[in-house]
Amino acid sequence: MPAPTLADIVFSEQANHNFSKILGDLKKSNLSITNRLKSIQHDAAFVHEVAGVLGLPLVANERCGSWYIDPQLKRSSAYFKSTDGHTGQWKFSTRRLNFHLLEVIGRNDGCIIVDSTRRGKRMPDALSKTIPIWCTVLNQALFPSHPQSHTLHVPPTVVSSSEHSQMSSRLPFFLNSLLALQPDIPSLRQNIQKPLRPLWVTPDDELTPEMVDEIKLSFHPVVCCTSSRRVVGTEMSEEGYIQGAGDDTENWAHGLTAPLFWANQRQLLETPEGDLPGLIEMLVGNSEAGGQAVGELKRVAPRLLVGALSAEEKALTSSSQENICVVSLVPKTTEKETWEKSKRHMEVGLGKSKTASRFLREALPSICDFVSRFLQECADADAEMGTGTGKGANKEIVLLCESGRDLSVGVALALYCWCFVDSAGTVRSAADQGQNHNKASIRVKLGHIMTAFPDANPSRATLQSVNSFLMDWRN
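Residues numbered from 1 in each chain as written. Predicted model: local features only at pLDDT ≥ 70, side-chain atom pairs only at ≥ 80, totals over all residues. Heavy atoms only, no water.

Draft legend 1. Highlighting the side chain of Ser 66. Inspection of the secondary structure puts Ser 66 in the loop between strand 1 (58-61) and strand 2 (74-78). Overall, the relative accessible area of 10% leaves Ser 66 in the buried class. Leaving out residues up to four positions away in the same chain, Ser 66 has contacts with Ala 60, Lys 74, Ala 258 and Trp 262. (Helix = DSSP H or I, 4+ residues; strand = E, 2+ residues; numbered from the N terminus. Buried < 20%, exposed > 50% of the residue type's maximum accessible area, 1.4 Å probe, protein only. Contact = heavy atoms within 4.5 Å.)

Draft legend 2. Geometry of the environment of Ile 192. By the secondary structure assignment, Ile 192 is in the loop between helix 8 (185-189) and strand 4 (196-201). By relative accessible area, which is 2% here, Ile 192 ends up buried. Along the chain, Ile 192 and Gly 106 lie 86 residues apart, while their C-alpha atoms are 4.3 Å from each other. With sequence-adjacent residues up to four places away left out, Ile 192 is seen in contact with Leu 102, Ile 105, Gly 106, Leu 142, Phe 143 and His 220.

Draft legend 3. Spatial organisation of the packing of helix 6 (residues 161-169) against helix 7 (residues 171-179). Taken N-terminus to C-terminus, the directions of helix 6 and helix 7 make an angle of 40°; their axes are 4 Å apart at the nearest point. Across from Met 167, Ser 168 and Ser 169 in helix 6, the residues of helix 7 making contact are Leu 171, Pro 172 and Phe 174. For the contact of helix 6 with helix 7, a count of residues per class yields four nonpolar, two polar and no charged. (Axes fitted to C-alpha atoms, helices over the stretch in contact; angles between N-to-C directions. Nonpolar A, V, L, I, M, F, W, Y, C, P; charged D, E, K, R; others polar.)

Draft legend 4. Spatial organisation of unusual backbone geometry. Between Glu 62 and the following residue, Arg 63, the backbone shows a cis peptide bond with an omega angle of 5°. Locating Arg 63 in the fold gives a position in the loop between strand 1 and strand 2. Unusually for a residue other than glycine, His 254 sits at a positive phi of about 55°. We classify His 254 as partly exposed; its relative accessible area is 47%. The phi dihedral of Ser 353 is positive, around 50°, even though this residue is not glycine. Within the secondary structure layout, Ser 353 lies in helix 14 (residues 353-385).

Draft legend 5. Just the pattern of salt bridges, in detail. Considering all chains together, one arrives at 14 salt bridges under this definition. Close ionic contact of Arg 122 with Asp 205 constitutes a salt bridge, the shortest N to O distance being 4.0 Å. In this pair, Arg 122 sits in the loop between strand 3 (111-115) and helix 5 (125-142) while Asp 205 sits in the loop between strand 4 and helix 9 (209-216), placing the two residues 83 residues apart along the sequence. One connected set of salt bridges, linked through shared partners, spans Lys 121, Asp 125, Lys 129 and Glu 163. (Salt bridge = Lys/Arg side-chain N within 4 Å of Asp/Glu carboxyl O.)

Draft legend 6. Summary view of the packing of aromatic side chains. This structure, assessed with the given rule, holds six aromatic pairs. When the ring of Trp 67 is compared with that of Trp 252, the centres are 5.5 Å apart and the planes differ by 50°; the resulting orientation is tilted. Taken together, the residues Trp 67 in the loop between strand 1 and strand 2 and Trp 252 in the loop between strand 5 (220-226) and helix 10 (258-263) connect sequence positions 185 residues apart. Look at Trp 67 and Phe 261: their rings are 6.0 Å apart centre to centre, the planes differ by 40°, and that puts the pair in the tilted class. Placement of the pair is Trp 67 in the loop between strand 1 and strand 2 and Phe 261 in helix 10, with a sequence separation of 194 residues. Under the relative-accessibility criterion, Trp 67 is labelled buried at 4%. Through a chain of ring-to-ring contacts, three or more aromatic side chains come together here, namely Trp 67, Trp 252, Phe 261 and Trp 262. The ring of Tyr 241 carries Arg 229 above its face, with NZ or CZ at 4.4 Å from the centroid. Across the ring face of Tyr 416, the terminal group of Lys 445 is positioned such that the distance to the ring centre comes to 4.7 Å. (Phe/Tyr/Trp six-rings, centres within 6.5 Å; stacked < 30°, edge-to-face > 60°. Lys NZ or Arg CZ within 6 Å of the ring centre and 35° of its normal.)

In structure tokens form, the structure reads like this:
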């Protein structure tokens, strides 16, 4: 047999291309929807086991955490960002305060916060650094005479001593940023009896009830639970298991949400991969068709309520409609001249997503003027009739948008600053409406709103539009 030539040994360009395609197809098959859902089911079993052993309520760190918790076992949601724990970018969020967790923690002597992370990491930065910062800052604010609780605790297997030292040096700044919001410290303090102490559990690290009970002697344990097992290599070596399978849903879920997964878990897991996109499309469509029930309105400040557009008809036909002004922010663009439907209803067509957030800046003067006229007319009517305080004391503003959590919250913040003097809902005079708006005062009122409505999620673009309007309106 003749010896092989170089051409026989070296793969051709076409052969290399084919190998790349084969490897890509293998990776895609390992990251299939089926494998993701099976991995989520596997990780959820671990989370539920932890909750059963420790006897603490489950809290989902959104958006990812809800995939790993049966909705019947989910006590609440939290909003801790991993980016606030990235090395060199540590932050105590004055926007996502998560004060609502204190009630859950106090009533149950602790909680378990669930999250996951991508391949290769032991735990997400939200659990290893963001939550420990939050616990320490709240301890310093709520328990100033308890110095033992003022030390930052982080998982030593994840956070180096150098990084721990750098994080600790920023704690005084984080505390000042919290206190600048003027939170109701006595009210928050009533929710918990002891300081907070973070603990960590992963599929690779044991946390026993005895360890938690020892912490409970002096602290409320905040157990940070990483749901996914760490994968060091590639998914192809894991027989289909995907670490952090519930993450990046925009890239694989086809609109499937955590509640839909849990409601249709068996059907989804028994359906062949090729049929899953069609099944998911059907489930999402049925959910949307059946999800037109009237949304709940959330009071975010005195006189100000927000909600989804599905609540519009109920708000407009309410028995107390004479006392209600409704501003609907609809996901289509409309001419400004068509916005005012009546003295008590405004329909503002801003478009969708980032476009809507940008257009909000141009719409806010008209919205604030419309609401101000409503409040002033009510105040004048009260004065003429000799009723109330002459300030339209019973009048309320309902703000609606597609999600009920973004644009409506941004407009609520703008109106809270523009139309009202204080947290009691005292109406500003027309001459005073453009006064005293700065980043600090806006941040304080945003803190009030986020405390009242933790599920609110105004985008960065929405908040930038509000800040721009309030601080630059004279220019």
